[in-house]
Amino acid sequence: QVQLVESGGGLVEPGGSLKLSCTASGSFYGIYTMGWSRQAPGREREMVATITSGGNTDYSASVRGRFVISRQSAGATVYLQMNSLKPDDTAVYFCNTDQPIRYFGDTPRYWGQGTQVTVSS
């Protein structure tokens, strides 16, 4: 099993920035891909950013150019720098990880408990 613990959520005004962190432990392997998803009330869960062990990144159209995903060289900690935040970004943000193949047409097995991000004036 892999355990994921997120931190860094909170309340921020529109246009502001916030940085989320997530650290993996347990049976985690450095070759795993890591990602961030979010879910807002009444909406489907959305994968917003992923990063491979080699540092290749991918973003959903809704956050590209505003969010940056990064990863510590050791691989077990992933960050999500969120800039130019909008009220539409309000959601619970979940960290996830698994073998890279799980990110193609499948769902990663390991998820954190989620951290609330609220964008409001």
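Source: prediction; values computed, not measured.

Participant: Please provide a residue-by-residue account of the packing of aromatic side chains, values included.
Facilitator: As enumerated under the stated definition, the model contains 4 aromatic pairs in all. Seen in terms of ring centroids, phenylalanine 94 and tryptophan 111 are 6.5 Å apart; in terms of plane orientation they differ by 75 degrees. Their pairing is edge-to-face. With phenylalanine 94 in strand E9 (residues 91–98) and tryptophan 111 in strand E10 (residues 110–111), the pair connects residues that are 17 residues apart, well separated along the chain. By relative accessible area, phenylalanine 94 is classed as buried at 18%.

Participant: Break down the state of the cysteines for me, with residues and values.
Facilitator: By the definition in use, this model includes 1 disulfide. Two residues, cysteine 22 and cysteine 95, share a disulfide whose sulfurs are 2.1 Å apart. Here cysteine 22 and cysteine 95 share a disulfide; its torsion about the S-S bond, -80 degrees, makes the bridge left-handed. Of this pair, cysteine 22 sits in strand E3 (residues 18–26) while cysteine 95 sits in strand E9, and the two are 73 residues apart along the sequence. Taking relative accessible area as the criterion, cysteine 22 reaches 0% and is therefore assigned buried.

Participant: Provide a residue-level description of unusual backbone geometry, including the pertinent values.
Facilitator: Of note, serine 84 is a non-glycine position whose phi angle comes to about 50 degrees, a positive value. Note that serine 84 resides in the loop between strand E8 (77–82) and E9. Look at serine 84 and you get partly exposed, because its relative accessible area is 42%.

Reading the values: rules and limits
- Residues numbered from 1 in each chain as written.
- Predicted model: local features only at pLDDT ≥ 70, side-chain atom pairs only at ≥ 80, totals over all residues.
- Heavy atoms only, no water.
- Phe/Tyr/Trp six-rings, centres within 6.5 Å; stacked < 30°, edge-to-face > 60°.
- Helix = DSSP H or I, 4+ residues; strand = E, 2+ residues; numbered from the N terminus.
- Buried < 20%, exposed > 50% of the residue type's maximum accessible area, 1.4 Å probe, protein only.
- Disulfide = S-S within 2.5 Å.

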